Amino acid sequence: MVVTSASPAEKVVAIIQARMGSTRLPGKVMLSVHGVTVLEWVIRRVRACRWVDETVVATTRAPEDDVVVATAARAGALTFRGSVSNVLSRYCAVAMARAATAIVRVTADCPLFDPALLTAMLERWFALRAAGEPIDYLANTWNGRTWPRGLDAEIVSRAALTRVCLQARKPYELEHVTPYIYQHPEAFRLRGFPGTNDLSHHRWTLDTRADWALIEAIYRALGDETHMFPTADVLDFLAAHPELSTLNAHIQPKRLGE
């Protein structure tokens, strides 16, 4: 991983939110996928992005999350422990402590996360800012999803996150970190990062045992304990084995506030 900052004016800190107390699938971040925990896969894939200066796992103070801290440290990530319910406060604290100017939000239930996609998003972020175009938020989920669910990434400026930390009050705004930004487009400068094809029907996130079965099948076919295969390989594999996508096709994504 390249640890030199992408720009003298930018310090990119990726914050991965993780905890053992998931409501749908408790302990999911510690599930094994092809011999490696889900959390470790996510950390490895985020750290593989050349423009990420620091990777921090933001978890809770609950004793059950001691294993999250230990696993994150083993995988080479920094850690922070904070509120169980107020995830936003964890992001705010990490951004301040690490002096981040650009914050990447990633969740720990995405073991197929694509570092190449994040690299492209950050390079777009840098280019816009270098051109003097104001931007507060860049996400591959904003203004219509085209990427598979499970490749989600959001980039937020430090200034925008600071405003959210001061102004967000609703429980779902505190739990999901960024809704206050994209639900107030009049107050923030937003950009999407759509793909060239609509792949939104693919579900590669981990919320249920059915999701785990699909992800395990993909890793078993394409990976080993170190190889981080690209999204294109996953798409080719699923095109050749369409029956696998039916494993979790019935799962509905959680809505804000659930």
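Refer to the structure above for everything that follows.
Notes on the structure in this doc start here. (Residues numbered from 1 in each chain as written. Predicted model: local features only at pLDDT ≥ 70, side-chain atom pairs only at ≥ 80, totals over all residues. Heavy atoms only, no water.)

**Regarding the overall build of the chain**
For step 1, the next point in the chain: Helix and strand counts for the chain stand at 9 helices and 9 strands.
For step 2, the next point in the chain: Its C-alpha radius of gyration of 17 Å places the chain within 12% of the 18 Å reference for a compact globule of 258 residues.
For step 3, the next point in the chain: By its C-alpha atoms, the chain is 45 × 45 × 35 Å across when sized along the principal axes.
For step 4, the next point in the chain: Among the 258 residues that make up the chain, the fraction classed as buried is 52%.
For step 5, the next point in the chain: A sequence separation of at least 24 residues applies to 72% of the contacts in the chain between residues at least 6 apart.
For step 6, the next point in the chain: As displayed, the chain offers around 11300 Å² of accessible surface, 55% of which is attributable to carbon and sulfur atoms.
For step 7, the next point in the chain: Of note, the chain has its 29 positive side-chain charges centred 6 Å away from the centre of its 27 negative side-chain charges. (Helix = DSSP H or I, 4+ residues; strand = E, 2+ residues; numbered from the N terminus. Rg over C-alpha atoms; globule rule 2.2 N^0.38 Å. Buried < 20%, exposed > 50% of the residue type's maximum accessible area, 1.4 Å probe, protein only. Contact = heavy atoms within 4.5 Å. Areas by Shrake-Rupley, 256 points an atom, 1.4 Å probe, with all protein chains shown as cover. Lys, Arg positive; Asp, Glu negative; His and termini not counted. Charge placed at Lys NZ, Arg CZ, Asp CG, Glu CD.)

**Side note on the sheet that holds strand β5 (residues 78-82)**
For step 1, the next point in the chain: Taken in spatial order, the 7 strands make up an open sheet running β5-β4-β1-β6-β8-β7-β9, and their pairing is mixed. Looking at which strands have only one partner, the edges of the open sheet turn out to be β5 and β9 (190-192). Recorded for the sheet is a direction-independent mean angle of 20° between the axes of neighbouring strands.
For step 2, the next point in the chain: The pairing of strand β7 (residues 137-139) with strand β8 (residues 154-157) spans 3 bridges and is classified as antiparallel. (Pairing = 2+ DSSP bridges. Axes fitted to C-alpha atoms, helices over the stretch in contact; angles between N-to-C directions.)

**Overview of the pairing of strand β1 (residues 12-17)**
For step 1, the next point in the chain: Burial runs high along β1: 6 of the 6 residues are buried.
For step 2, the next point in the chain: Taking every second residue as pointing to the same face, both faces of β1 are buried, with Val12, Ala14 and Ile16 on one and Val13, Ile15 and Gln17 on the other.
For step 3, the next point in the chain: The pairing of β1 with strand β6 (residues 102-107) spans 6 bridges and is classified as parallel. Opposite Val12, over in β6, you have Ala102 as the bridge partner.
For step 4, the next point in the chain: Bridge count for β1 against strand β4 (residues 54-60) is 5 bridges, and the pairing is parallel. For Ile15, the partnering residue across the bridge sits in β4 and is Val56.

**Let's talk about the side chain of Asp53**
For step 1, the next point in the chain: The topology assignment puts Asp53 in the loop between α1 (38-47) and β4.
For step 2, the next point in the chain: It turns out Asp53 is buried and unbridged, and the closest side chain with the opposite charge, Lys11, is 7.2 Å from it.
For step 3, the next point in the chain: Among the polar contacts made by the side chain of Asp53, one reaches the main-chain amide nitrogen of Val12 at a distance of 2.9 Å. (Salt bridge = Lys/Arg side-chain N within 4 Å of Asp/Glu carboxyl O. Polar contact = N/O pair within 3.5 Å; in protein donor to acceptor, adjacent residues only side chain to side chain.)

**A short note on the pairing of β6**
For step 1, the next point in the chain: Most of β6 sits inside the fold, with 5 of its 6 residues counted as buried.
For step 2, the next point in the chain: Here β6 pairs with β8 via 4 bridges, running antiparallel. In the strand pairing of β8, Ala102 is matched with Ser157.

**A look at the packing of helix α3 (residues 87-97) against helix α5 (residues 158-167)**
For step 1, the next point in the chain: Remark: α3 packs on α5, axes separated minimally by 10 Å, with the N-to-C direction vectors making an angle of 140°. The orientation of α3 with respect to α5, classified from their angle, is oblique. The chirality of how α3 crosses α5 is left-handed. Contacts from Leu88, Tyr91, Cys92, Ala95 and Met96 of α3 reach α5 at Arg158, Leu161, Val164 and Cys165.
For step 2, the next point in the chain: Of the residues that constitute the contact of α3 with α5, the class distribution is 8 nonpolar, no polar and 1 charged. (Parallel < 35°, antiparallel > 145°, perpendicular 65-115°, else oblique. Left-handed = near helix turned anticlockwise from the far one by under 90°. Nonpolar A, V, L, I, M, F, W, Y, C, P; charged D, E, K, R; others polar.)

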